[in-house]
Amino acid sequence: MPNFTLNGISVDVPEGTTVLQAAKTVGIEIPHYCYHPNLSIAGNCRMCLVEVEKFPKLQIACNTVVTEGMVVKSDTEKVRQAVTGVLELMLINHPVDCPICDQAGECGLQIYYMKYGLHKSRFAFEDKVHKKKVQDIGGQIVLDAERCILCSRCIRFLQEVTGTSELEFFRRGDHSEISIFPGRPLDNQYTGNLADICPVGALTSKDFRFKCRVWFLRGTRSICPGCANGCNVEAHFKEDIVYRLKPRRNDDVNRTWMCDPGRLEYKKANEARLLTPVVRENGGLKAEAWEAALSFAAFRLWETVEAHGAASVAVIASPAFSNEELYLARKLAEEVLRTPNVGFSPRSSGNGLSDDFLIKADKNPNTRGAQLLGISEEKFDDIVRKIEGGEVKALLVFGNELADFPGERTAELLSRVPFVAQVGTNEGAVSLAAHAVLPSASFVERGGTFTNHAGRVQRFWMGFPPRGNARGGIEILVGLANRLGAGWTFAGEASVFRAIARSEAPFAGMSYESLGELGQIAGGKG
Amino acid sequence: MELVLTTHFGNERYRFAETYEQLGGYGALRKALSMPKEEIVAEVRKANLRGRGGAGFPAGVKWGFLPKDLSRPRILVINADEGEPGTFKDRLIMTRGPHLLIEGIAITCYALEAHTCYVYIRGEFVREAEIVQEAIDEATAKGYLGKGILGTGFDLEVTVHLGAGAYICGEETSLINSLEGKRGWPRVKPPFPASVGAFGLPTIVNNVETIADIPWIVTHGGEKFASLGVEKDGGTRLICVSGPVKKPGVYELPVGTSLRSIIYEHAGGLRDGKALKAVIPGGSSTPVLRADEIDVGFDIESMQKIGTMAGSGGVIVIPEGTCMVRALSVLMNFYAHESCGQCTPCREGCGWLAKVLHRIENGQGRNGDVELILEVCDNMLGRTICPLADAAVMPAQSFIWKFREEFDGHLREKKCPYGNRF
Ligand SMILES: Cc1cc2nc3c(=O)[nH]c(=O)nc-3n(C[C@H](O)[C@H](O)[C@H](O)COP(=O)(O)O)c2cc1C
Ligand code: SF4
Ligand code: SF4
Ligand code: FES
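Predicted model only: the values in this text are computed from it and were never measured. (Residues numbered from 1 in each chain as written. Chains lettered and ligands numbered in written order. Predicted model: local features only at pLDDT ≥ 70, side-chain atom pairs only at ≥ 80, totals over all residues. Heavy atoms only, no water.)

## Here we look at the overall build of chain A
- What chain A contains, in helices and strands, is 16 helices and 23 strands.
- Counting only residues that meet the buried cut, chain A has 59% of its 526 residues in that class.
- Pairs at least 24 apart in sequence give 66% of the contacts found in chain A among residues at least 6 apart.
- Counting only carbon and sulfur atoms, one obtains 53% of the accessible surface of chain A, whose full area is about 21,000 Å².
- Placing the 61 positive and 62 negative side-chain charges of chain A at their respective mean positions leaves the two points 3 Å apart. (Helix = DSSP H or I, 4+ residues; strand = E, 2+ residues; numbered from the N terminus. Buried < 20%, exposed > 50% of the residue type's maximum accessible area, 1.4 Å probe, protein only. Contact = heavy atoms within 4.5 Å. Areas by Shrake-Rupley, 256 points an atom, 1.4 Å probe, with all protein chains shown as cover. Lys, Arg positive; Asp, Glu negative; His and termini not counted. Charge placed at Lys NZ, Arg CZ, Asp CG, Glu CD.)

See below:
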């Protein structure tokens, strides 16, 4: 553990830590562009210059490994001047077209200019080197070469993370520019990350471009619901519309990355949403108030148990729901309806995509959670058989589809059940057939936990309350259970998680506090 | 006067192994193979042999940076990129005495326990590369290279690699990238090539002339070599004199020979009765000297004392009547064109300097432009991955410091007083 002094503060760091990393741990900001925690060191932007005792020249903090007794200063006039000087040079050939740039508001150049620059332009506008703007280079990305500060983050990402190397530098000196090779566009499933790591507006997201100025956006910490990997993300929204997902760093799960299909998962929170409880009676559909819809559904379930016995009722849970919701769904089935028929319906792929990096073939965020809570996929097959055999008289379905069944198959199956209640977020084959639609909150509209493929229990947080008239799954389940006489007192996901930690062995000893931002492995081991 | 390299360069046949051998060639290698390796390195240290590529780093000291353990193969790379404007000496060695280089390589590799050597030759040197390759083939046939050199167990393979024409590929880490087939970008240091160099292996990069001096040092001893030069800088140097002198060319002279005698005695003084205005002493990247500053010994320390560098021995003579703004402008175009584009200060700064100089020369300079150049220089100097930015800044600063009135004159008169325009 070498000890060194940074701006007069004594700091202990693990062997091999760089000055830039060490500074971060004590809250000292050293400006940087090319450094990225999950990429190799390039040392080309020259923004992170600091004074190191015994070195006559300023050193780059990103490539200076701390040694015992080192004395470093990042707050001197000499350093400040150097940083301002580099920033000025960085801007001379930059088009400064912020008013039409999507990066404005989260641009490294704007941020550091306000902090370290504020110089007057001394470079003649007509002398600027011009480069190609608005190039579709494939994937989710548009390139504006003129705005590029040539930090090489994108190039290193494509070399070191995807191994596909589609981008390279071309030409030299101030005519240097990044580009793809002729006729070879970006060809990998992780292109969206390029827009994130590009510190400026050179690489922007086709999907997000010109949709919203970033300063109008608010964010919440979340988990991508796109597959079993559970990439940590931030969901960005304005009012109750989600605009994008951005990866959130978790070195044990996704480092700082996420996949392209996952990045578009947010759309499901906006489009084709179920926003009002609906009841189907006498062939007609009717929007209902929650009280009426819940009472109706509860009554029909009770009625069926009374008439045909508990075994005539089934609950199909969904691995797209949280641990908390799954736990309550199981409890409802076992303790309230007292039916053995509870299983989960897996949504597989749609695109069949998987790789050995982040993308998992299992397209559900919480399959492992469902399994650890004792809900099985085999039971689902069993329930389907029972539906086909006419044994199921009432069904509570979570989710928007049944497994990967084509729409007709779902319609046909559900038509055999006299009463179907759905708890779901989006229109689909299930909502078309359901007799009671109980619209539930999207992943940004409620909090909870998912358990990823590796058994890591990870929290996601509510960004805004459920859209329209939708409700959190917990609230819906408590409403149903209590109407069936359960007397549950759960209030909010934390109280449910406490119950899970008490009664479910794999989750023993866990709490929202212990999960923290980055989660914990269920069962205390991998 | 004792010569180390060029004694037989007048002999057309000296480039062939047979003649080279008849004139004593490969005797040093035989001697070296019977010496303990450390002793060879010790002789090179004693010789005060300073790198001839430009930086002047003591060769023996650099060799000492190799990791002690031999678990990873070591590589010797010969820098034959010879890109520094004003420098044209390595090509002379390659065409007139290629076996000096090869014998030097064999001895160095033996001393450093390296079994692989790459000779990185600039792309334009097609004929030079052919001659070196022929010499390698001859030497291999005669058992000086290849498997079991001269009956010892020592193997050495030497490969010629042609560059593709970029000044920056003369910088040693850029050269290594280029050699590996990558874009010729200098690497961030640390790690230094001695620990992580070509193909990730411990690597020593030396200039052609540096290595060509090795056989003589082995034959005559380090002390003898040191005594040819000055206190901390031994031997002779190949000095390249260009510009309007009577006898431009390459001169082998003892380190420490005065710059005045180089220009006026050896190169015969200026042509056509011209007067001397300035001298760039060590290749285009070294700070310029005024005509009254040339009473200085051509060695690393003496040059340093007067604020310039011996560099790669490229003496560029500038006569009266030359517009210094134009001269600097031409130089800056070179650096702006050759900057690899990696570091912000160099990429943007070199281009900026070139543009400002261009407009000053064209009579379109703006108030404050000269100061602006100096400030941009401050923002570049010592702030980059490799010294190319410094190489651009040093002439820029020194031209302005020493010939400020010419720059101001361009601004005042709104034209070039010499009547130049781009
Ligand atoms: C921009 C730049 C260009 C260079 N070009 C050459 C060159 O053409 N030949 C050369 O020997 N060294 C060149 N050098 C110096 C090398 O980096 C290196 O110091 C040298 O090859 C080491 O050999 P030496 O110690 O024998 O001089 C250059 C350095 C820089 C920064
Ligand atoms: S496009 Fe962006 S990430 Fe890539 S080099 Fe340019 S500034 Fe850096
Ligand atoms: S100083 Fe210039 S030439 Fe050297 S690495 Fe940086 S940009 Fe390239
Ligand atoms: S962050 Fe250190 S040089 Fe770019």
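The rest of the description comes next.
## Observations concerning the site of ligand 3
- Taken together, 13 residues surround ligand 3, and among them C340, Q342, C343, C346 and C386 of chain B come closest.
- Classifying every residue of the shell around ligand 3 gives nine nonpolar, four polar and no charged. (Near = heavy atom within 4 Å. Nonpolar A, V, L, I, M, F, W, Y, C, P; charged D, E, K, R; others polar.)

## Quick notes on the sheet that holds strand β5 (residues 236-242) of chain B
All names here are of chain B.
- The mixed open sheet is built from five strands, whose spatial order is β6-β5-β9-β7-β8. At either margin of the open sheet sits one strand with a lone partner, and together these are β6 (249-254) and β8 (289-290).
- As paired strands, strand β7 (residues 276-280) and strand β9 (residues 314-319) are joined by four bridges and run antiparallel to one another. Residue pairing for β9: V279 is matched across the bridge by V317. (Pairing = 2+ DSSP bridges.)

## Things to note about the layout of surface pockets
Residues and elements named next belong to chain A.
- Within this model, the second largest pocket holds a volume of roughly 1,000 Å³.
- Elements with a contribution of two residues or more to the lining of the second largest pocket: α3 (108-117), α5 (192-197), β10 (203-205), β12 (232-238) and β13 (241-247).
- It is β13 that contributes the most residues to the lining of the second largest pocket, five residues altogether.
- Per-class residue counts for the lining of the second largest pocket are 17 nonpolar, ten polar and 13 charged.
- Three or more residues apiece are contributed to the lining of the second largest pocket by two domains, here domain 1 (3-90) and domain 2 (126-216). (1 Å grid on protein atoms, 1.4 Å probe; cavity = no way out; pocket = protein on both sides within 12 Å on 5 of 7 lines; lining within 4 Å. Points joined across faces, edges and corners; volume = space filled by probe spheres on them. Domains from an automatic or database assignment.)

## Overview of the site of ligand 2
- Taken together, 13 residues lie near ligand 2, and C148, C151, S152, C154 and C198 of chain A sit nearest.
- Its residues placed into classes, the shell around ligand 2 shows eleven nonpolar, one polar and one charged.

## Regarding the domain arrangement of chain A
- Split by domain assignment, chain A resolves into domain 1 (3-90), domain 2 (126-216) and domain 3 (278-493).
- For domain 2 of chain A and domain 3 of chain A, the distance between their C-alpha centroids amounts to 42 Å.

## A word on the domain arrangement of chain B
Residues and elements named next belong to chain B.
- The assigned domain composition of chain B is domain 1 (17-227), domain 2 (236-319) and domain 3 (324-413).
- Its C-alpha centre places domain 1 at a distance of 27 Å from the equivalent point of domain 2.
- Taken residue by residue, the interface counts 17 residues in domain 1 and 21 residues in domain 2.
- Together domain 1 and domain 2 conceal approximately 1,400 Å² of surface at their shared face, both sides included; 57% is due to carbon and sulfur atoms.
- Summed over the shared surface of domain 1 and domain 2, the number is one salt bridge.
- Of the charged contacts, one joins R50 and E301 as a salt bridge, the two residues approaching to 3.5 Å between their closest N and O atoms. (Buried area = accessible area lost by both parts, 1.4 Å probe. Salt bridge = Lys/Arg side-chain N within 4 Å of Asp/Glu carboxyl O.)

## Observations regarding the pairing of β7 of chain B
Residue and element names in this part refer to chain B.
- Extensive coverage of β7 is indicated by the burial of five of its five residues.
- Both β7 and β8 contribute to a ladder of two bridges, which runs antiparallel. Bridge pairing in β8 places A278 opposite R290.

## Thoughts on a nonpolar patch on the surface
- A cluster of nonpolar side chains, namely F57, V61 and F65 of chain B, defines an oily patch on the protein surface of about 260 Å² accessible area.
- Structurally, the position occupied by F65 of chain B is in the loop between α4 (59-63) and β1 (75-80). (Patch = residues over 30% accessible without salt bridge, like charges linked within 9 Å, V, L, I, M, F, W, Y side chains within 5 Å.)

## Comments concerning the packing of aromatic side chains
- Throughout the structure, instances matching the rule amount to 28 aromatic pairs over all chains.
- The interplanar angle of 80° and the centroid separation of 5.2 Å between the aromatic rings of Y20 of chain B and Y26 of chain B together place this pair among those described as edge-to-face.
- Given a relative accessible area of 0%, Y26 of chain B falls into the buried group.
- Site record: aromatic cluster; members linked through ring pairs are F9, Y14, Y20, Y26 and Y144 of chain B.
- Above the face of the F216 of chain A ring, K238 of chain A is positioned so that its terminal group lies 5.6 Å from the ring centre.
- A cation sits over an aromatic face here: R244 of chain A above F208 of chain A, 4.4 Å from the ring centre. (Phe/Tyr/Trp six-rings, centres within 6.5 Å; stacked < 30°, edge-to-face > 60°. Lys NZ or Arg CZ within 6 Å of the ring centre and 35° of its normal.)

## Looking at the packing of helix α14 (residues 324-338) of chain B against helix α17 (residues 388-413) of chain B
Residue and element names in this part refer to chain B.
- Here α14 crosses α17 at 155°, and the two axes come no closer than 9 Å. Judged by the angle between their axes, α14 and α17 are roughly antiparallel. In this structure, α14 meets α17 at a crossing whose hand is left-handed. Facing M324, V325, A327, L328, L331, M332, Y335 and E338 of α14, the residues of α17 in contact are L388, A391, A392, P395, A396, F399, F403, E406, F407 and H410.
- Taken together, the residues that form the contact of α14 with α17 break down as 15 nonpolar, one polar and two charged. (Axes fitted to C-alpha atoms, helices over the stretch in contact; angles between N-to-C directions. Parallel < 35°, antiparallel > 145°, perpendicular 65-115°, else oblique. Left-handed = near helix turned anticlockwise from the far one by under 90°.)

## Quick notes on the sheet that holds strand β7 (residues 141-143) of chain A
- With respect to topology, three strands assemble into an open sheet ordered β6-β7-β10 (chain A), the strand pairing being antiparallel. Edge strands, defined here as strands with exactly one partner in the open sheet, are β6 (135-136) and β10 of chain A.

## Topic: the side chain of S376 of chain A
Residues and elements named next belong to chain A.
- Inspection of the secondary structure assignment puts S376 in the loop between α10 (367-372) and α11 (377-388).
- A distance of 3.1 Å separates a polar atom in the side chain of S376 from the backbone nitrogen of K379.
- If we ignore the near neighbours within four places in the chain, the residues touching S376 are G343 and F344. (Polar contact = N/O pair within 3.5 Å; in protein donor to acceptor, adjacent residues only side chain to side chain.)

## Some thoughts on the confidence of the model for chain B
- Here chain B averages 97 in pLDDT, while 100% of its residues score no lower than 70.
- Reported confidence for the predicted complex is 0.92 by ipTM and 0.94 by pTM. (pLDDT = per-residue confidence, 0-100.)

## Examining the side chain of S398 of chain B
Residues and elements named next belong to chain B.
- You can see S398 is positioned in helix α17.
- Classification of S398 by relative accessible area gives buried; the value is 3%.
- Reaching out from S398, the side chain makes a polar contact with the backbone oxygen of M394 at a distance of 2.8 Å.
- Other than its neighbours up to four places away in sequence, S398 contacts P287, V288 and F403.

## Side note on the pattern of salt bridges
- Here the structure, examined in full by the defined rule, presents 65 salt bridges over all chains.
- In this structure, the salt-bridge partner of D136 of chain A is K206 of chain A, at a minimum N-O distance of 2.8 Å. Note that D136 of chain A is positioned in strand β6 and K206 of chain A in the loop between β10 and β11 (218-223), a separation of 70 residues in sequence.
- Close ionic contact of K402 of chain B with E293 of chain B constitutes a salt bridge, the shortest N to O distance being 3.1 Å. Within this pair, whereas K402 of chain B is found in helix α17, its partner E293 of chain B is found in the loop between β8 and α13 (300-305), the two being separated by 109 residues in sequence. For the pair formed by K402 of chain B and E293 of chain B, the shared burial category is buried.
- A single salt-bridge network, built from bridges that share partners, covers R52, K89, D90, E209, D213 and D233 of chain B.

## Observations regarding the interface of chain B and chain A
- Every contact between the two is made by 34 residues of chain B and, on the other side, 36 residues of chain A.
- Taking both partners together, chain B and chain A bury about 2,800 Å²; carbon and sulfur atoms supply 51% of that area.
- The residue R122 of chain A makes a salt bridge to E375 of chain B at a minimum N-O spacing of 2.3 Å.
- For the interface between chain B and chain A, the tally reads 15 residue pairs in polar contact (both at pLDDT 80 or more).
- Of all the secondary-structure elements, those providing two or more residues to the side of chain B that touches chain A are α14, α15 (344-361) and α16 (369-380) of chain B.
- Among the elements that line the side of chain B that touches chain A, the one with the most residues is α15 of chain B, at nine residues.
- Tallied by class, residues from the side of chain B that touches chain A come to twelve nonpolar, eleven polar and eleven charged.

## What about unusual backbone geometry?
- K189 of chain B connects to P190 of chain B through a cis peptide bond whose omega is -5°.
- Relative to the helices and strands, P190 of chain B resides in the loop between α8 (172-179) and β4 (203-207).
- A cis amide bond, omega 0°, links P190 of chain B with the succeeding residue P191 of chain B.
- Locating P191 of chain B in the fold gives a position in the loop between α8 and β4.
- Even without a glycine there, the phi angle at V134 of chain A is positive, about 40°.
- Relative to the helices and strands, V134 of chain A is located in the loop between α3 and β6.
- The exposure class of V134 of chain A is exposed, given its relative accessible area of 58%.

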